[in-house]
Amino acid sequence: MDIQNLLDDIVGSIKPHIGQGEVAGYIPELGSVRADHFGISVATGDGEVFSSGDSEMAFSIQSISKVYALALVLAGDGDRIWKRVFREPSGNPFNSLVQLEHEDGIPRNPFINAGALVVTDRLLSVSQDASTAVRDLLRTESGNGSIQIDSIVADSEARNSNRNASLAHFLASCGNLDNPVEEVLDAYISQCSLAMSCTDLALASRFLARNGLRADGTALLSPAQTKRINAVMLTCGTYDAAGEFAYRVGLPGKSGVGGGIIAVVPNNCTICVWSPGLGRSGNSVAGVAALDEFTTRTGLSIF
Ligand code: GLN
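Residues numbered from 1 in each chain as written. Predicted model: local features only at pLDDT ≥ 70, side-chain atom pairs only at ≥ 80, totals over all residues. Heavy atoms only, no water.

Some remarks on the overall build of the protein chain
Next, step 1: Helix and strand content of the protein chain: 13 helices and eight strands.
Next, step 2: The C-alpha atoms of the protein chain give a radius of gyration of 17 Å, which matches the 19 Å a tight globule of 303 residues would have.
Next, step 3: In terms of overall dimensions, the protein chain has a C-alpha envelope of 55 × 40 × 35 Å along the principal axes.
Next, step 4: Here the protein chain holds 303 residues, and 57% of them are scored as buried.
Next, step 5: Residue pairs in contact within the protein chain that sit at least 24 positions apart in sequence constitute 68% of those at least 6 positions apart.
Next, step 6: Surface summary for the protein chain: the accessible area is close to 11700 Å², and the carbon and sulfur share equals 48%. (Helix = DSSP H or I, 4+ residues; strand = E, 2+ residues; numbered from the N terminus. Rg over C-alpha atoms; globule rule 2.2 N^0.38 Å. Buried < 20%, exposed > 50% of the residue type's maximum accessible area, 1.4 Å probe, protein only. Contact = heavy atoms within 4.5 Å. Areas by Shrake-Rupley, 256 points an atom, 1.4 Å probe, with all protein chains shown as cover.)

Written out as structure tokens, the structure is:
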């Protein structure tokens, strides 16, 4: 199969979807990103990269960062985190408050905001500087040493973080945060504000398609841990649209409100798409359409 031709083709056929949906406005700095971008990159297990469109343009990775924070916690601390976070789809928006009280401060999964705050809290305890640990993993695995936190995006989110602050305070009231709320929020916002391109993210995520092996061949995760992260991505990675994403794309995936989505074809490759217009659940409209086309045309899905 000629992957390069396929990606160029997708960039053409996806045009009617570009600009559909709404750019995330609740973080003002993200709201100022032009809606008409589209990029796609595929990284194979052995590090070959194919890309098309705005694939080298850096964007805010936002909730995609939750995957790497979870990977670092599982790698450094094993299964302890699962006493503090469930792994069931929430069926609610990613920043919902309602379920958390009903379920005594144990978030439904590590990819909704409440769950990611707990994961980041644990990463702070095991690594001291959680967002630097995430950044360094992404730098090493992508081979791009210039990946940075975009401090303008981080400040913008920090000034508009009442909802995440509410979640964090509620978690703390239930005894499900070990570190001060302000430190957890700061680390969470920083990891979300990392700026990366489709190519960076596709390369950095290859351990998920390689049974946990890092770019240098050493193990970040065991094959079983990698299976479990991919499973949670499939069931929870695109929030209350995870069923629709599985139906259309058929791969583990994780989205962010910056408009990026990372998808994993186990034992084969990773795909990253980016287009800022979001559907109701916070997933890139053109991104989902592109991944749908990619897996439908190639047959590269887990089903
Ligand atoms: N930083 C964003 C938030 O907490 C991430 C949300 C997302 O990408 N779904 O609201």
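Some words on the site of the ligand
Next, step 1: Every residue lining the ligand is accounted for by Y26, Q62, S63, F94, N113, E157, N164, Y188, C192, Y239, G256 and V257.
Next, step 2: Here S63 contributes a side-chain N or O atom positioned 2.7 Å from an oxygen atom of the ligand.
Next, step 3: Measuring from an oxygen atom of the ligand, one finds a side-chain N or O atom of N164 at 2.8 Å.
Next, step 4: When the free accessible area of the ligand is taken as 300 Å², the share hidden by the protein chains comes to 99%.
Next, step 5: Tallied by class, the residues present in the shell around the ligand amount to six nonpolar, five polar and one charged. (Near = heavy atom within 4 Å. Polar contact = N/O pair within 3.5 Å; in protein donor to acceptor, adjacent residues only side chain to side chain. Nonpolar A, V, L, I, M, F, W, Y, C, P; charged D, E, K, R; others polar.)

So, the pattern of salt bridges
Next, step 1: Within the structure shown, the criterion is met by 11 salt bridges.
Next, step 2: Between R248 and D292 there is a salt bridge; the shortest N-O distance is 3.0 Å. Highlighted residues: R248 in helix α12 (residues 242-248) and D292 in helix α13 (residues 285-298), separated in sequence by 44 residues.
Next, step 3: One salt-bridge network, held together by shared partners, links D9, E293 and R297. (Salt bridge = Lys/Arg side-chain N within 4 Å of Asp/Glu carboxyl O.)

Examining the packing of aromatic side chains
Next, step 1: Under the defined criterion, the tally for this structure stands at four aromatic pairs.
Next, step 2: Measuring from centroid to centroid gives 6.3 Å for Y26 and F94, while their planes differ by 40°, and the two rings are tilted. With a gap of 68 residues between them, Y26 in the loop between α1 (3-13) and α2 (28-31) and F94 in the loop between α3 (65-77) and α4 (98-102) connect regions that are remote in the sequence.
Next, step 3: Through a chain of ring-to-ring contacts, the aromatic side chains of Y26, F94 and Y239 assemble into a single cluster. (Phe/Tyr/Trp six-rings, centres within 6.5 Å; stacked < 30°, edge-to-face > 60°.)

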